[in-house]
Amino acid sequence: MKEPSVNIPKNNYPIDRNIWLYINLPQLSIEAVTATMTKPLKDGPVAIVSLQDNAQRIDCCNQQASAWGVEQRLSLSTALAICPDLTVLAKNTLQEQQLLQQLALIAYRFSPEVIIDTAGLWLDLSGCAQLFNGYNKLLKKLYTQLSEQSIVAISGVGKSPLAAKILCDNEFRHYLPSKLEVQRTLMTTILDKLPSTAKQQQNFKQLGLTTIGDLLALPRSALSQRFNSDLMNTLQLLQGEKPSLLKRFKPANEFHDKIQNTQGLYNKESLLFPMKTLLQRLCQYLMARQCYSRELIWQFEPLLGRHQSMSITLSGNSHGWSSLLSLSRLKLEHLELPRSIEQISLFCDQFMVMPERSFDLFGDQISLQKNTSELIDSLNARLGIEALSRPTINAEHLPELAGNIASIEKSIGSEQDLGQAQKPLWLLPEPAPVRLHNQQLYWRKPLTIMSGPERLCGNWWQSEQQRDYYLACDSKGARYWLFRESTSKQWFVHGLFS
Amino acid sequence: MPSEPLLDSLLLRQDTWRGRNRSLRKHVITTGKEKLDKLLLGGWPVSALTELVTQQNGIGELSLLLPIVKHYTNENKLCVWLDPPYQPYAPSLVNAGIPLDKLLIVRSKSSKEWLWAAEQSIRGKALLFAWANRAQPRYSALRKLQLAATESLAPVFLFSPPTALKAHSPALLRLELESLEPNILSVTLHKLRGKMPGTKTQIALGERTTERTLLDKLPVNIQYPKTPQTDFPLLQKDDVQYLNT
């Protein structure tokens, strides 16, 4: 497709709410089938056939085939009679879907609203101009990226998805037409292009209506009486009065892609080419989702026998496809592969959000204050709520009741006057009895009292407790919190100063 | 010519040496003790793994870190304690000025979970204290934590038993803590770039408040066992700074 030689009109779109771009992919079927081939097709007429009306008929053909006179819905035998050199390929709907998803990922980088059509894509361009320095630059960049994937694309612009599809040209336009131009073209478009039933088309003819403009000139009330509500609905969608309810594209939660090769691949070097393609697709996916992958899983399947897989753990840094390929290559060298590989798949379901980066005034990177609940949520999800707790404080006399451990769901008690006495940082789950032998206290090691006592009595309403707390230490310098119960004269260790 | 993001990510790393040693000691947080700051060339390293080898629990390893916990939690950041050996006692934490709702205690059920929780906490930009109670984590596991810490600019403290000193560690800073007499913590540097291993310093933790007269009446021995022989002189009381614990 050549660049248009006409002088490009200045972008006179103000910030507008409705600019829809439709990208039609006329040769999607051929591109989907040829994309997975390892050997490129030789130049020549190519056609895709599928089963229609109980016969193999042409579904899609390239320009060279069209030049021979091959067209859609022609039966296969007729097509071969017209053009004996025709390369015939079977339609593969699944691959078409996959290709559309990949292209949607590319489109997703240009617009947050992407809709997938049967053989095309809609993009809501409104508000996307600033990022790309104008609509014309955006369109040019989009076109370049589609061409890199060797995709033939034609485009149309309108103020609603339906209008954009109807106004689809037979080339990819590198500039955005003015609002007026879009409106004028829409008005002069023939009514055949409007999605409607055969009966409605018949009615249009009887009414003497030929263009969309003719139809829109009629009062709506008159139209709604003459036609059913479907047409009114279509007109509202066409004029953008009603938002399109088509499903918006969103990148999938995990990445899974594969490349099949029916001839089989026999050496590791030849595996690298399809692996590169898969990694490029992964990188597009990661860019659309704005995250990094944590682990890649490769699977190599032979025609017969067991598949072989390898996984590559990533540190979660940003990786281009080339560095991912070299990592995979290193790992591949140690892998024993079956003799011939039929299918290579790449799977990735562990991602990490791209860290947001900010700089302080002097160019130093500073860490962002991240919401801590996110971390608690993820710990909770994996380890369970019982694994998480936090210390709490209560208005109680006994140390084991005053400082406690509670589930994170419970609220923490209010602060209070805690006294000046030294308190340990560690508390034993319950006081451990201390052995007294020859006037020497033993708990794991001989203990020496250093200071004390601090008398603590309370809890008389439940069970009378009177404790004298002492600070003790052992020969290695560890300090303990001991108490001696007044009634039983028994010594206990209750905590560790740390 | 290297691409800009690559250069940025390299400069962000702790271990990238730049002229005049700029990046190496830039990201530090003061320990709150002049002597320790001097030993550690400025303070605790941020975005790095610090391994504290303690001869035993209870010698003051935790009170050494209370200033940094206070600093972080008061900045509205979470402090995760992974597998602590005992139950943290809330009143003393509150006394130290630590908001309790910023502390999170996590208990893991396996080494795999331990590593996962540790890495997750670091990547979640929390201040992590991890105790390896099960078995000393492998070198590769610790390396993973060190890398995660480098990327997320979060300090990580790992408490290890003395047996860990036999093995190599990827930690940026490795300290051995022991107490030769109560309230005095002896810190031995085992690994820090730019500093000779084996450098020692002593820090005092609190005052010795012994009320001997009262204690004399106790029916137990209050004679402190003999101080083991040291190869360096113990410090005078005036030299040491006191912690409020």
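The coordinates are above.
Residues numbered from 1 in each chain as written. Chains lettered and ligands numbered in written order. Predicted model: local features only at pLDDT ≥ 70, side-chain atom pairs only at ≥ 80, totals over all residues. Heavy atoms only, no water.

1. A look at the pairing of strand S20 (residues 465–474) of chain A
All names here are of chain A. Counting buried positions along S20 gives nine out of 10 residues, so the element sits mostly inside the fold. As judged from the seven bridges shared by S20 and strand S21 (residues 479–485), these two strands associate in the antiparallel manner. Across the sheet, Asp-468 pairs through a bridge with Arg-484, a residue of S21. (Buried < 20%, exposed > 50% of the residue type's maximum accessible area, 1.4 Å probe, protein only. Helix = DSSP H or I, 4+ residues; strand = E, 2+ residues; numbered from the N terminus. Pairing = 2+ DSSP bridges.)

2. A short note on the sheet that holds strand S7 (residues 154–158) of chain A
All names here are of chain A. The strand order S5-S6-S1-S7 describes an open sheet built from four strands, whose pairing is antiparallel. With partners counted over all chains shown, the strands left at the sheet margins are strand S5 (114–117) and S7, one partner each. In this sheet, adjacent strand axes meet at a mean angle of 20° when their direction is disregarded. Note that strand S1 (residues 20–24) and strand S6 (residues 120–124) share five bridges and pair antiparallel. Across the sheet, residue Ile-23 finds its bridge partner in S6, namely Leu-121. Each of S5 and S6 is contacted by helix H4 (residues 93–108), which is oriented at about 155° to S5, the strand it contacts most. (Axes fitted to C-alpha atoms, helices over the stretch in contact; angles between N-to-C directions. Contact = heavy atoms within 4.5 Å.)

3. Looking at the nonpolar core
In terms of nonpolar packing, the biggest core is built from 61 residues, with Leu123(A), Met275(A), Leu282(A), Trp298(A) and Phe300(A) touching the most fellow members. If you tally residues by element for this core, the top one is helix H12 (residues 268–289) of chain A, at 10 residues. Counting residues in hydrophobic clusters, the runner-up holds 57 residues, among them Val69(B), Tyr86(B), Leu173(B) and Leu189(B). (Core = buried A, V, L, I, M, F, W, Y, C linked by side-chain atoms within 4.5 Å.)

4. Some words on the packing of aromatic side chains
All names here are of chain A. Inspection of every chain in the model, using the stated rule, returns 24 aromatic pairs over all chains. With 5.3 Å between their ring centres and 55° between their planes, Phe-204 and Phe-227 make a pair best called tilted. Of this pair, Phe-204 sits in helix H8 (residues 198–207) while Phe-227 sits in the loop between helix H10 (220–226) and helix H11 (229–238), placing them 23 residues apart in sequence. Accessibility assignment for this pair places Phe-204 and Phe-227 in one class, buried. Taken together, a centroid distance of 5.4 Å and an interplanar angle of 50° make the contact between Phe-255 and Tyr-285 tilted. Within this pair, whereas Phe-255 is found in strand S8 (residues 255–265), its partner Tyr-285 is found in helix H12, the two being separated by 30 residues in sequence. Tyr-285 matches Phe-255 in its accessibility class, with the two residues each being buried. (Phe/Tyr/Trp six-rings, centres within 6.5 Å; stacked < 30°, edge-to-face > 60°.)

5. With respect to the packing of H4(A) against H12(A)
Residues and elements named next belong to chain A. Closest axis-to-axis distance for the H4/H12 pair is 9 Å, and the angle between their directions is 45°. Viewed along their axes, H4 and H12 adopt a mutual orientation that is oblique. Note on packing geometry: the crossing formed by H4 with H12 is left-handed. Of H12, the residues touching H4 (which contributes Gln-102, Leu-105, Ile-106 and Tyr-108) are Arg-281, Gln-284, Tyr-285 and Ala-288. Residue classes in the contact of H4 with H12 are distributed as five nonpolar, two polar and one charged. (Parallel < 35°, antiparallel > 145°, perpendicular 65-115°, else oblique. Left-handed = near helix turned anticlockwise from the far one by under 90°. Nonpolar A, V, L, I, M, F, W, Y, C, P; charged D, E, K, R; others polar.)

6. Description of the packing of helix H5 (residues 111–123) of chain B against helix H6 (residues 139–152) of chain B
Residue and element names in this part refer to chain B. Relative orientation of the contacting elements H5 and H6 amounts to 10°, with a least axis distance of 8 Å. Accordingly, the angle class assigned to the pair H5 and H6 is roughly parallel. As for how H5 packs across H6, the hand of that crossing is right-handed. Along its contact with H5, which presents Trp-114, Leu-115, Ala-118, Glu-119, Ile-122 and Arg-123, the element H6 presents Ala-141, Lys-144, Leu-145, Ala-148, Ala-149, Glu-151 and Ser-152.

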